[in-house]
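Tertiary structure, described
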Amino acid sequence: MGRVVLHKDRKRRLEQGSPWIFRSEAARVEGDPAPGDIVEVVNHQGHFLARGYINPRSQIGPPLHRHDDRAFSRPRSRPSVPKPTGD
């Protein structure tokens, strides 16, 4: 599973229950997650904050569906991943 590591100086909206992070808040992405994969979101010290779907084309993301370390449950909405086009 990939990980999104957040910048040290970001706003602490996740800890207040916000379901979003902005691309500018991510210091780096570890691993090689594909669009639509589930990733862990951690703070700059590696502490778990949430899980969500990653979409590298979006300025907002990943949308977060869990703010704890329990098993990931089915999200209320689908990730915004482009559908393949037919040839």
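Below or above, wherever it landed, is the structure these notes cover. (Residues numbered from 1 in each chain as written. Predicted model: local features only at pLDDT ≥ 70, side-chain atom pairs only at ≥ 80, totals over all residues. Heavy atoms only, no water.)

Bringing the pattern of salt bridges into the picture now. In the structure shown here, the tally under the stated rule is five salt bridges. Here Glu15 ties to Arg10 by a salt bridge, and the two come within 2.8 Å at their closest N and O atoms. Here Glu15 falls in the partly exposed class, since its relative accessible area comes to 42%. Salt bridges here are not isolated pairs; linked through shared partners, they connect Arg3, Arg28 and Glu30. (Salt bridge = Lys/Arg side-chain N within 4 Å of Asp/Glu carboxyl O. Buried < 20%, exposed > 50% of the residue type's maximum accessible area, 1.4 Å probe, protein only.)

This part covers the side chain of Arg10. With respect to the helices and strands, the residue Arg10 is situated in the loop between strand S1 (2-6) and strand S2 (26-30). Assessed through its relative accessible area of 9%, Arg10 is described here as buried. Apart from the residues lying within four places of it in its own chain, the contact partners of Arg10 are Glu15, Glu25, Asn43 and Leu49. (Helix = DSSP H or I, 4+ residues; strand = E, 2+ residues; numbered from the N terminus. Contact = heavy atoms within 4.5 Å.)

Relative to strand S3 (residues 38-42), S1 runs parallel, the two sharing four bridges. Looking at the pairing, Arg3 lines up with Glu40 of S3. Of the strand pairs in this sheet, S3 and strand S4 (residues 48-53) are connected by five bridges, and their pairing is antiparallel. Looking across to S4, one finds that Val41 is bridged to Ala50. Hairpin connection from S3 to S4: five residues lie between these consecutive antiparallel strands, with Gly46 at a positive phi of about 90°. (Pairing = 2+ DSSP bridges.)

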